[in-house]
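Residues per chain, in single letters:
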Amino acid sequence: MTFDRGFLWGAATAAYQVEGGNIASDWWEFEHTLDAPISEPAGDSVDHYHRFEEDIKLLADLGLNAYRFGIEWSRIEPEIGEISYAAIDHYRKVLEACHRYGVTPMVTLMHHSIPRWLAHKGGFLLDDAPGYFADYSHLIATELSDQLRYVMTINQPNLDANLGYRYGKTYAGWLALQRMSGDEAAERVHPNYFAAHSESVAAVRASAPHVQIGVGLSIESWVFDGSEEELQKQKVVKEWEDDYYKCTIGDDYVGVQTYSRKWATPLVAGQIPIGSKGYGYPEGSRLTSMGYEFYPPSIGETVRRIYELTSTPIIVTENGIGTDDDNERIEYIDGALASLESCVDDGIDVRGYFHWSLMDNFEWNAGYKMRFGLIDVDRRTFKRTPKPSAIHYGKLATRQPSIDKN
């Protein structure tokens, strides 16, 4: 392949999904609330909180040079205004381990979960939420400035606003639906997510101006049954994606997070609850265990669209497949990287690829039955075992040129 020396070859995790024991998070309370739409609790997860050094070494040994992981806001500020410097020191140690093994860290400041106290106040329905998030961002940037290299402010704010508040798939969103419609809740949180990102960028740059900072957006490759102009008219795409591109103005990169494509015509198989009608896949489509269409080229298609709209450098901050068949994961990786290579060859400024995920972990409302990981984890013994897909991906990464492209 033709990716150059500076390309980030990584894998990603989210703090709540891998750390375990995060009792100050709103997701922990969500899991233990009667009638909440959660299949099982996270519990110990894969105990990454205590085993991070082993996991980072495994990533480096595979041949990868970057790791995207989360700092859990609820550990840093378990109650409003109460700062845990022990938690800050923990994440300093995680960052130091990355540097020790030659791994470039990318830190996510918020990945779906928020502190319980903020959820009880209304989450991002609260107009003060962006300010709280900016204060937390400033604290992290100030305390860990010397260790930070890349920062993602918010993971998939467009997904949180819509699936979370419109459909109640997050705790704060589920609570909001007890007192207002999903449409009203989603409309109210959009501007607060925009503001939270903007204020977080300013806060981080004030204390850590060397850091590359951006936002990670959940993007689909869309298939429409009409003209190209229809793409711009579709309400669902505007709400879920297009309105959030404004977040990227002035950022150092856009984090593109894609798993599949969606068909905008109402079809029989694999329908999903988006917008005012069902969007799904043609009958007979090959689907993954998450119910997505198996379509590796989706990442290249979305990268092209986002770069055309924003002209901002792109990092693929999530891309992968939920499957129990690791051969299928290898097939997906090869197809996804081929589509991404085509983008690079055409001059699109793509600076990194983070596979989701480093290891099998807790998949939010779906629990542990969805397997996205390059590494298998025994949840009783916590033994880590790299899958053939991990070895395959690592070999692809280490075969890249040792000099910059002309």
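Residues numbered from 1 in each chain as written. Predicted model: local features only at pLDDT ≥ 70, side-chain atom pairs only at ≥ 80, totals over all residues. Heavy atoms only, no water.

**Looking at the sheet that holds strand β7 (residues 253–257)**
As summarised here, the arrangement of the eight strands in space is β1-β2-β3-β4-β5-β7-β11-β12, forming a closed barrel in which the pairing is parallel. Looking at each pair of strands side by side, their axes are set apart by 25° on average, direction ignored. Here strand β3 (residues 104–110) runs beside strand β4 (residues 150–155); their pairing, made up of four bridges, is parallel. The residue bridging Val-107 from the neighbouring strand is Val-151, located in β4. Its contacts with the sheet put helix α5 (residues 85–100) on β2 (66–70) and β3, and the angle it makes with β2 is roughly 170°. Helix α13 (residues 298–310) rests against β7, β11 (314–318) and β12 (350–356) of the sheet, and its axis sits at about 150° to β7. (Pairing = 2+ DSSP bridges. Helix = DSSP H or I, 4+ residues; strand = E, 2+ residues; numbered from the N terminus. Axes fitted to C-alpha atoms, helices over the stretch in contact; angles between N-to-C directions. Contact = heavy atoms within 4.5 Å.)

**Considering the side chain of Arg-261**
Position of Arg-261 among the secondary structure elements: in strand β8 (residues 261–263). When its relative accessible area of 16% is taken as the criterion, Arg-261 is described as buried. For Arg-261, the side chain forms a polar contact with the side chain of Glu-293, separated by 2.8 Å. If sequence neighbours within four positions are ignored, Arg-261 has contacts with Glu-220, Ser-221, Val-223, Tyr-281, Glu-293, Tyr-295 and Ser-298. (Buried < 20%, exposed > 50% of the residue type's maximum accessible area, 1.4 Å probe, protein only. Polar contact = N/O pair within 3.5 Å; in protein donor to acceptor, adjacent residues only side chain to side chain.)

**Considerations on unusual backbone geometry**
Here the bond from Trp-356 into Ser-357 is cis, since omega is 0°, no more than 30 degrees from zero. Of note, Ser-357 is situated in the loop between β12 and β13 (375–377). Even without being glycine, Gln-156 reaches a positive phi, approximately 50°. For Trp-364, which is not glycine, the phi torsion reads 50° and is therefore positive. You can see Trp-364 is positioned in the loop between β12 and β13. For Trp-364, a relative accessible area of 8% translates into the label buried.

**Considerations on the confidence of the model for the protein**
Model confidence for the protein is summarised by a mean pLDDT of 91, while 90% of its residues fall at 70 or above. Segment residues 267–278 is flagged for pLDDT under 50; beyond a separation of four residues in sequence, or across chains, it makes 32 contacts in the model. (pLDDT = per-residue confidence, 0-100.)

**Comments concerning helix α10 (residues 182–207)**
For α10, with 26 residues, the first-to-last C-alpha span of 37 Å sits near the 38 Å given by 1.5 Å per residue. For α10, the principal kink sits at Val-189 and spans about 25°; a proline, Pro-191, occurs within the next four residues. (Expected span 1.5 Å × (residues − 1). Bend = angle between axes of the 7 residues up to and from the residue.)

**Details of the packing of aromatic side chains**
Taken as a whole and judged by the stated rule, the model has 27 aromatic pairs. Consider the rings of Phe-30 and Trp-174, whose centres lie 5.9 Å apart with planes at 50°: the pair is tilted. Taken together, the residues span a long stretch of sequence, with Phe-30 in helix α2 (residues 26–31) and Trp-174 in helix α9 (residues 171–176) at a distance of 144 residues. A relative accessible area of 17% means that Trp-174 is categorised as buried. (Phe/Tyr/Trp six-rings, centres within 6.5 Å; stacked < 30°, edge-to-face > 60°.)

**Description of the packing of α5 against helix α7 (residues 129–144)**
Axis separation between α5 and α7 bottoms out at 11 Å; the angle between their running directions is 55°. Here α5 is positioned oblique relative to α7, judged by the angle of their axes. Relative to α7, α5 is oriented so that their crossing is right-handed. Along its contact with α5, which presents Tyr-85, Ile-88, Tyr-91, Arg-92 and Leu-95, the element α7 presents Leu-139, Glu-143 and Leu-144. (Parallel < 35°, antiparallel > 145°, perpendicular 65-115°, else oblique. Left-handed = near helix turned anticlockwise from the far one by under 90°.)

**Considering the environment of Phe-7**
Among the structural elements, Phe-7 can be located in the segment before β1 (8–12). The class of Phe-7 is buried, set by a relative accessible area of 3%. When the C-alpha positions of Phe-7 and Asp-242 are compared, they lie 27 Å apart, and in sequence the two are 235 residues distant.

**Points about the packing of α13 against helix α14 (residues 326–345)**
At a minimum axis distance of 7 Å, the contact between α13 and α14 shows a crossing angle of 25°. By the criterion of interaxial angle, the relationship of α13 to α14 is roughly parallel. For the pair α13 and α14, the sense of crossing is right-handed. Where α13 approaches α14, its residues Ser-298, Ile-299, Gly-300, Val-303 and Arg-304 are matched on the opposing element by Tyr-332, Ala-336, Ser-339, Leu-340, Ser-342 and Cys-343. Of the residues assigned to the contact of α13 with α14, the class counts are six nonpolar, four polar and one charged. (Nonpolar A, V, L, I, M, F, W, Y, C, P; charged D, E, K, R; others polar.)

**Thoughts on the pattern of salt bridges**
Two side chains carrying opposite charge are able to pair once their charged atoms lie near each other. If you walk through the whole model with that rule in mind, you get 24 salt bridges. The partner of Glu-331 in a salt bridge is Arg-286, and the shortest N-O contact between them spans 3.0 Å. A residue pair is termed long-range when its members are at least 10 positions apart, and Glu-331 in helix α14 and Arg-286 in the loop between β10 (279–281) and α13 qualify at 45 residues. Asp-324 is the salt-bridge partner of Arg-371, the closest N and O atoms lying 3.4 Å from each other. With Arg-371 in the loop between β12 and β13 and Asp-324 in the loop between β11 and α14, this pair connects stretches of sequence that are 47 residues apart. Residue classification places Arg-371 among the partly exposed positions, given a relative accessible area of 27%. (Salt bridge = Lys/Arg side-chain N within 4 Å of Asp/Glu carboxyl O.)

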